[in-house]
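Examination of the molecular architecture
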Amino acid sequence: MFHSFVEALRRTGLSVGIREHLVLIDAIDRGVIDPTLDAFYHLARATFVKDEAMIDRFDRAFGEVFGGITAPAGVDPVAIPTDWLRAVAERYLTPEQMAAIDPTGDWDALMEKLRQRLAEQDAAHHGGSKWIGTGGTSPFGHGGYNPEGIRIGGESRHRRAVKVWEKREFRNFDQDRELGTRNLKVALRRLRRFAREGLADELDLDATIADTARRGWLDVAMRPARRNAVKLLLFLDVGGSMDPFVEQVEELFSAATAEFRHLEFFYFHNCIYEGVWRDNRRRFAEQIATADLLRTYGPDYRLVIVGDAAMSPYEIVQPGGSVEHHNEEAGAVWLQRLTAQWRSAVWINPAPQAHWEWTHSTRLIRDLLADRMYPLTLEGLESAMRELSRRR
C-alpha cells in the first residue's frame with residue numbers, strides 16, 4: 001500500500017523520493033503517531049509536502065489510495081444527535097409523489113418551523129414528514145425529498161435545500177495545472193493591453209543600433225519588458241454543486257494565472273456576500289471583507305466571476321439566505337455593488353448552457369449581470385473577453 005501511495009503522489013506531480021519514503025516508514029516503526037488514519041494523514045503530509053501549494057495534490061493522492069480523511073476526533077459538524085440522522089428508513093418517491101409535496105413557500109416560516117422542531121423534538125425520527133431525521137418528506141434532515149428544506153448533515157441528492165447545516169471543507173483550485181489549458185490561454189489573450197513597465201531588463205535592439213551608429217562605439221540600450229497591463233479580479237465559486245466542474249475551473253485558473261500579471265483571485269460559495277477568502281483551508285478564520293475589496297481595487301480592474309449560479313433563489317434575494325451563515329444583506333445587493341464598482345464584468349458559467357433555464361437562480365444572476373453570462377467553452381470565453389475589452 002505504501003508503494004502505491006508513493007506512485008500516486010508522483011502521478012499528481014509531487015517530487016517524492018526514496019528518502020521521504022524511508023523517513024515515513026521509520027516514523028511509523030518508532031510509533032511517533034497514534035494508529036489512526038487522521039494521525040497518519042498529518043504525518044505523511046508533513047513528510048512529503050514541502051510547499052503548501054502542493055497540499056491539494058497530496059490530498060487527491062491520499063484519497064485515491066486510502067479513501068479520504070476521517071474527521072478530527074471530537075468535531076461534531078452539527079449540534080443534533082447523530083442517531084437522529086442515520087439513514088435507516090429512506091423512502092423512494094415517484095415523480096408524481098414528489099410533485100404532490102407542497103413547499104413551505106416562505107423563508108421566515110421555514111426557519112420558524114425549524115426552531116419549533118428543535119424545541120419540541122426529543123428523539124430520532126426516520127421516514128416521516130415532520131420531524132428532523134432521515135428519509136421521508138420532512139423539510140429538515142437528509143436522505144429524503146422535500147422541494148424546499150434545510151439539509152442537516154448527509155449528502156446532497158436532489159439539490160433542493162435552501163440552507164445547509166454542516167461544516168464543509170473545500171479545497172483550493174490548483175493554479176499550476178497545465179493539462180488542457182493551452183486553448184484557454186489562447187482565448188484569454190483576446191483581453192490584452194500591452195505596456196512597458198518595471199525594470200529595464202530587455203535589450204532594445206533598434207535603440208542599440210541607432211545609438212552605436214551615432215556615437216561610433218557600442219552603446220547597449222535596455223528597456224522594460226512589454227507586458228499585459230490588464231488588471232483582473234477573479235472570483236471563484238467552490239464546493240457543493242461546483243464539484244463536477246473542478247477540472248474545468250482548474251484549467252481556467254491555471255491559464256489566467258499564466259496570462260495576467262495583475263491578477264487577484266478570491267473564493268466564495270454559491271453567491272458573493274460580505275466576505276470572501278483566498279485559502280479554503282482557512283476560509284472561516286481569515287475572511288476578507290468584500291467592502292475592503294471595493295475600496296482597494298480601482299474601477300480600472302476587470303471583474304470575472306466563475307460559478308454555476310445554481311442555488312436557492314433565497315441565497316440571492318433574501319437576507320439570511322446563505323446556506324452557510326446568516327448574511328445581513330442579500331447576495332443581490334453585493335453583486336450590484338461589485339458591478340457598479342467594476343463596470344467591465346462577466347460571469348463565466350461551467351454548467352452546460354442548455355441547463356441554464358432549469359434553475360431560477362441562474363436567471364436571477366443573468367439579470368443582475370445584465371445578461372453578461374458566458375459558458376466555460378472556448379467560444380464563450382472569447383465572447384467574454386470581447387465584452388471585457390469594450391471601453392466604458
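For clarity, every value in this text was computed on a predicted model and none was experimentally measured.

What to know about the environment of Arg-215
Position of Arg-215 among the secondary structure elements: in helix α8 (residues 205-215). By relative accessible area, which is 39% here, Arg-215 ends up partly exposed. Among the polar contacts made by the side chain of Arg-215, one reaches the side chain of Asp-219 at a distance of 2.9 Å.

Some details on the side chain of Asp-211
Here Asp-211 is to be found in helix α8. Judged by relative accessible area, which is 15%, Asp-211 ranks as buried. The contacts of Asp-211, once residues within four sequence positions are left out, are Trp-217, Asp-219 and Ala-221.

So, the packing of helix α2 (residues 18-29) against helix α3 (residues 37-48)
One way to put it is that α2 packs onto α3 with a least axis distance of 9 Å and a crossing angle of 145 degrees. The interaxial crossing formed by α2 with α3 has right-handed handedness. Residues Glu-20, His-21, Val-23, Leu-24, Ala-27 and Ile-28 of α2 pack against Phe-40, Leu-43, Ala-44, Thr-47 and Phe-48 of α3. Grouping the constituent residues of the contact of α2 with α3 by class yields 8 nonpolar, 2 polar and 1 charged.

A closer look at the pairing of strand β10 (residues 231-237)
Counting buried positions over the 7 residues of β10 gives 6, a clear majority of the element. With 7 bridges connecting them, β10 and strand β11 (residues 262-268) associate as parallel partners. Bridge pairing in β11 places Leu-232 opposite Leu-263. Considered for its hand, the β-α-β crossover made up of β10, helix α9 (residues 246-259) and β11 is right-handed. Pairing analysis gives 5 bridges linking β10 to strand β14 (residues 302-306), with the strands arranged parallel.

A short note on the environment of Leu-369
Its location among the elements puts Leu-369 in the loop between α13 (360-368) and β16 (373-375). For Leu-369 and Leu-335, which are 34 residues apart along the polypeptide, the C-alpha to C-alpha distance reads 8.1 Å. Apart from residues no more than four positions distant in its own chain, Leu-369 is found in contact with Thr-339, Ala-345, Val-346 and Trp-347.

Notes on helix α4 (residues 55-66)
Its 12 residues give α4 an end-to-end C-alpha distance of 16 Å, which sits within 8% of 16 Å, the value for a rise of 1.5 Å per residue. Along α4, the residues classified as buried are Ile-55, Asp-56, Arg-57, Phe-58, Ala-61, Phe-62 and Phe-66.

Quick notes on the sheet that holds β10
Taken together, 5 strands build an open sheet; the order of strands is β11-β10-β14-β15-β16 and the sheet is parallel. Among the strands making up the open sheet, the edge pair consists of β11 and β16. For this sheet, the mean inter-axis angle between neighbouring strands, taken without regard to orientation, is 25 degrees.

Points about the pattern of salt bridges
One pass over the structure, following the stated rule, counts 13 salt bridges. Across the pair Asp-26 and Arg-30 runs a salt bridge, and its minimum N-O distance is 2.9 Å. You can call Asp-26 partly exposed: its relative accessible area is 36%. We classify Arg-30 as exposed; its relative accessible area is 63%. Measuring nitrogen to oxygen at the nearest pair gives 2.3 Å for the salt bridge that ties Arg-295 to Asp-292. Taken together, the residues span about one helical turn, with Arg-295 and Asp-292 both in helix α10 (residues 290-296) at a distance of 3 residues. Looking at Asp-292, the relative accessible area reads 34%, which means it is partly exposed. One network of salt bridges, with partners in common, ties together Asp-211, Arg-214, Arg-215 and Asp-219.

Overview of the pairing of strand β15 (residues 345-349)
With 5 of its 5 residues buried, β15 lies for the most part within the structure. Alternating positions in β15 separate into two faces, Ala-345, Trp-347 and Asn-349 on one and Val-346 and Ile-348 on the other, with burial throughout. The sheet contact formed by β14 and β15 spans 4 bridges and is parallel. Bridge pairing in β15 places Ile-305 opposite Trp-347. In this structure, β15 lies alongside β16, joined through 3 bridges in parallel fashion. Along β16, the bridge assignment pairs Asn-349 with Pro-375. Once you follow β15 into α13 and on to β16, the crossover reads as right-handed.

Overview of the confidence of the model for the protein
Residues with a pLDDT of 70 or more make up 66% of the protein, whose mean pLDDT is 77. Low pLDDT (under 50) marks residues 68-78, which in the prediction has 16 contacts with non-local residues, meaning those over four places away or in another chain. Scored below 50 in pLDDT, residues 158-162 shows 22 contacts in the model against residues more than four places distant or in partner chains.

Let's talk about the packing of α3 against α4
At a minimum axis distance of 11 Å, the contact between α3 and α4 shows a crossing angle of 135 degrees. As far as their axial angle goes, α4 and α3 are oblique. Handedness of the crossing formed by α3 with α4: right-handed. When α3 is examined against α4, the residues Leu-37, Phe-40, Tyr-41, Ala-44, Arg-45 and Phe-48 are found in contact with a partner set consisting of Ile-55, Phe-58, Asp-59, Phe-62 and Phe-66.

Some points on α9
Counted at 1.5 Å a residue, the expected span for α9 with its 14 residues is 20 Å, and the 20 Å between its end C-alpha atoms agrees. Burial of α9 is extensive: 10 of the 14 residues sit out of reach of the surface. Those residues of α9 not exposed but buried are Val-246, Val-249, Glu-250, Glu-251, Leu-252, Phe-253, Ser-254, Ala-255, Ala-256 and Glu-259.

About the criteria used
- Residues numbered from 1 in each chain as written.
- Predicted model: local features only at pLDDT ≥ 70, side-chain atom pairs only at ≥ 80, totals over all residues.
- Heavy atoms only, no water.
- Helix = DSSP H or I, 4+ residues; strand = E, 2+ residues; numbered from the N terminus.
- Buried < 20%, exposed > 50% of the residue type's maximum accessible area, 1.4 Å probe, protein only.
- Polar contact = N/O pair within 3.5 Å; in protein donor to acceptor, adjacent residues only side chain to side chain.
- Contact = heavy atoms within 4.5 Å.
- Axes fitted to C-alpha atoms, helices over the stretch in contact; angles between N-to-C directions.
- Left-handed = near helix turned anticlockwise from the far one by under 90°.
- Nonpolar A, V, L, I, M, F, W, Y, C, P; charged D, E, K, R; others polar.
- Pairing = 2+ DSSP bridges.
- Right-handed = clockwise from strand over helix to strand, strands pointing away.
- Expected span 1.5 Å × (residues − 1).
- Salt bridge = Lys/Arg side-chain N within 4 Å of Asp/Glu carboxyl O.
- pLDDT = per-residue confidence, 0-100.
- Parallel < 35°, antiparallel > 145°, perpendicular 65-115°, else oblique.

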